[in-house]
Amino acid sequence: DTAVSQTPKYLVTQMGNDKSIKCEQNLGHDTMYWYKQDSKKFLKIMFSYNNKELIINETVPNRFSPKSPDKAHLNLHINSLELGDSAVYFCASSQASGLAGVYKNIQYFGAGTRLSVL
Amino acid sequence: QKEVEQDPGPLSVPEGAIVSLNCTYSNSAFQYFMWYRQYSRKGPELLMYTYSSGNKEDGRFTAQVDKSSKYISLFIRDSQPSDSATYLCAMTEYSSASKIIFGSGTRLSIRP
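Residues numbered from 1 in each chain as written. Chains lettered and ligands numbered in written order. Predicted model: local features only at pLDDT ≥ 70, side-chain atom pairs only at ≥ 80, totals over all residues. Heavy atoms only, no water.

Undergrad: Just checking my understanding: could you explain the packing of aromatic side chains for this structure?
TA: Going through the model one piece at a time under the given rule, you end up with 12 aromatic pairs over all chains. For the pair Tyr35(A) and Phe109(A), a centre-to-centre distance of 5.3 Å together with 45° between the ring planes defines the contact as tilted. With Tyr35(A) in strand β4 (residues 31-37) and Phe109(A) in strand β10 (residues 108-109), this pair connects stretches of sequence that are 74 residues apart. On the basis of relative accessibility, which here comes to 11%, the residue Phe109(A) falls in the buried class. Seen in terms of ring centroids, Tyr32(B) and Tyr51(B) are 4.9 Å apart; in terms of plane orientation they differ by 35°. Their pairing is tilted. Here Tyr51(B) lies in strand β5 (residues 45-51) and Tyr32(B) lies in strand β4 (residues 32-38), a separation of 19 residues in the sequence. Residue Tyr51(B) is classed as partly exposed on the basis of its relative accessible area, which comes to 41%. (Phe/Tyr/Trp six-rings, centres within 6.5 Å; stacked < 30°, edge-to-face > 60°. Helix = DSSP H or I, 4+ residues; strand = E, 2+ residues; numbered from the N terminus. Buried < 20%, exposed > 50% of the residue type's maximum accessible area, 1.4 Å probe, protein only.)

Structural data, given as structure tokens:
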């Protein structure tokens, strides 16, 4: 069973289109994340949701809108796609709350969605 | 200046060699330090997780943190071709849900 799964794996689309990427985790975690990895492998956080509440919102164009229908899902919708949006988008999850002394914020990543905007 | 600096490589070593991967950082508030391994066309997977300064060993892997120098290292002993991947250092201030800052990754290739 895949712990963090993203769909689709590959997305090729034209500039100006609107697209969505879905993410689901079956680890029972309470926090989910979206990262963007550029061609130089630089991994940068975009958003984070804890129990369906937005807790991290980096400087990302408002064409990107995350939506968390429940703790196990975090989707990313992108409007008016631009060439510079081409990248690999990773979803991740972690368990943020728990017993003291237990390492938290260990993030588990999905396999990524390769977005190519033409 | 980036918060976390990591030499992108590529680094190529013969099988069996000891590999040393390093990162420097500027934010003295970082307390939790991680190393992730990323195979081609896959997501990063956690390799090592350490808190504050010191060493941590797990099999062939040793993570070292020197907070006074703001320098972290990952050593791989008896390197294998299956260790060929990109290694990303990462760090954060808090153990709870918070922003993790990643290095840009070092691409490692182990020659048989």
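Undergrad: I'm lost on the state of the cysteines in this one. Help?
TA: A disulfide bridge is the covalent bond that connects two cysteines by way of their sulfur atoms. For the structure on display, the rule yields 2 disulfides over all chains. Disulfide pairing places Cys23(A) opposite Cys91(A) at an S-S distance of 1.9 Å. Where Cys23(A) bonds to Cys91(A) through sulfur, the torsion about that S-S bond is close to -80°, and the disulfide is left-handed. Residue Cys23(A) is found in strand β3 (residues 19-25), and its partner Cys91(A) is found in strand β9 (residues 87-94); the two are separated by 68 residues along the sequence. What makes Cys23(A) buried here is its relative accessible area of 1%. One disulfide bridge connects Cys23(B) with Cys89(B), the sulfur atoms lying 2.0 Å from each other. For the disulfide bridge between Cys23(B) and Cys89(B), the dihedral angle about the S-S bond is near -100°, and by the sign convention the bridge is left-handed. One end of the pair, Cys23(B), is in strand β3 (residues 19-25); the other, Cys89(B), is in strand β9 (residues 85-92), with 66 residues separating them in the sequence. Cys89(B) sits in the buried class, given a relative accessible area of 0%. (Disulfide = S-S within 2.5 Å.)

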